[in-house]
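Chains, contacts and geometry: an overview
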Amino acid sequence: MENALVRKLLMILRATKAFLDALSDAGASCVSRATAIKFLLARKFDVARAHALWRQHEATRRREGLTKFEPFEDPLKTELATGKFTILPTRDATGAAIAVFTANKHFPTQTTHQTTLQGVVYQLDVALQSLETQRAGLVFIYDMTDSKYTNFDYELSQKILTMLKCAAVSSVQ
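Here the structure is a predicted model, which is why all the values come from computation and not from measurement.

1. Here we look at a nonpolar patch on the surface
Together, Val6, Leu9, Leu10 and Leu13 make up a nonpolar patch on the protein surface, roughly 350 Å² of accessible area in all. The residue Leu9 is located in helix α1 (residues 2–25) in this model.

Structure, rendered in structure tokens:
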């Protein structure tokens, strides 16, 4: 039992070093060990796959302008106050965190895609600080209950789903 634990710890340490070395070789040397482990966990410690995920993650954030968050200043403060996207305080039966996007609270004419995506990503980043969420993943619910045509934003929906599929640092259901 003790040997298995030591072997697993050594595997994690080696994978983390290899991941950080790969990022350093790519010119991204300011990534913390905690961040490295998040990406490695999401890809079961496969360094190449974790590195590819990190590249997708960073590219998506740059493309969508999701690099700086000011949650106590508008427009993000107002977006967070709408409650349209929230991480529930409970988990599913497998331990996964539950995130809900409530479409009937979204009014495309009153906000930008960037602001809405900032609200989503900011809260996902906070949720993913939990080791339990990193391990068990996240269930994402796009709640269309009582939504009207004025709430629907196809392009934003596509951006959210693409972001979750290609750049999430956890398994998403």
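Still more ground to cover, so stick around.
2. Description of the pattern of salt bridges
The tally for this structure, following the rule as stated, stands at eight salt bridges. Close ionic contact of Asp125 with Arg61 constitutes a salt bridge, the shortest N to O distance being 2.5 Å. Highlighted residues: Asp125 in helix α5 (residues 113–127) and Arg61 in helix α3 (residues 47–63), separated in sequence by 64 residues.

3. Observations regarding the side chain of Thr102
Topologically, Thr102 is positioned in strand β2 (residues 97–102). Given the relative accessible area of 13%, Thr102 is considered buried.

4. Concerning the packing of helix α2 (residues 33–42) against α3
One can describe the packing of α2 onto α3 by two numbers: an axis separation of 8 Å at closest approach and a directional angle of 115°. Comparing their axes, α3 and α2 come out roughly perpendicular. The interaxial crossing formed by α2 with α3 has right-handed handedness. Contacts from Phe39, Leu40 and Ala42 of α2 reach α3 at Val47, Ala50, Leu53, Trp54 and His57. Of the residues that constitute the contact of α2 with α3, the class distribution is seven nonpolar, one polar and no charged.

Procedures and definitions
- Chains are numbered independently. Their residues run from 1 in the order of the written sequence.
- Local features in a predicted model are, by the rule used here, given only for residues with pLDDT of at least 70; side-chain atom pairs are given and counted only at 80 or more, and totals for whole chains, interfaces and linings are based on all residues.
- Only heavy atoms go into the side-chain values, all of them from the structure, while hydrogens and water stay out.
- Patch membership needs two things, relative accessible area over 30% and no salt bridge, and members are linked within 9 Å if like-charged or within 5 Å if nonpolar (Val, Leu, Ile, Met, Phe, Trp, Tyr).
- Accessible areas in this description were obtained via Shrake-Rupley with a 1.4 Å probe; residue shielding takes into account the shown protein chains only.
- For salt bridges, the criterion is a side-chain nitrogen of Lys or Arg within 4 Å of an Asp or Glu carboxyl oxygen.
- Per the convention used, a helix needs a DSSP run of H or I reaching at least four residues, while a strand needs a run of E reaching at least two, with both numbered from the N terminus.
- Think of it in three bands: residues with accessible area under 20% of the maximum for their type are buried, residues over 50% are exposed, and the middle band is partly exposed, with areas taken using a 1.4 Å probe on protein chains only.
- Inter-axis angles, ranging from 0 to 180 degrees, are taken between N-to-C directions of lines fitted to C-alpha atoms, where helices are fitted over the stretch in contact.
- Note that the term roughly parallel is reserved for angles under 35 degrees, roughly antiparallel for angles over 145, roughly perpendicular for angles of 65 to 115, and oblique for everything else.
- Each crossing gets its handedness from the near helix: less than a right angle anticlockwise from the far helix is left-handed, clockwise is right-handed.
- Whether two residues are in contact is decided by their heavy atoms: any pair within 4.5 Å suffices.
- Gly falls in the polar group here, along with every residue not listed as nonpolar (Ala, Val, Leu, Ile, Met, Phe, Trp, Tyr, Cys, Pro) or charged (Asp, Glu, Lys, Arg).

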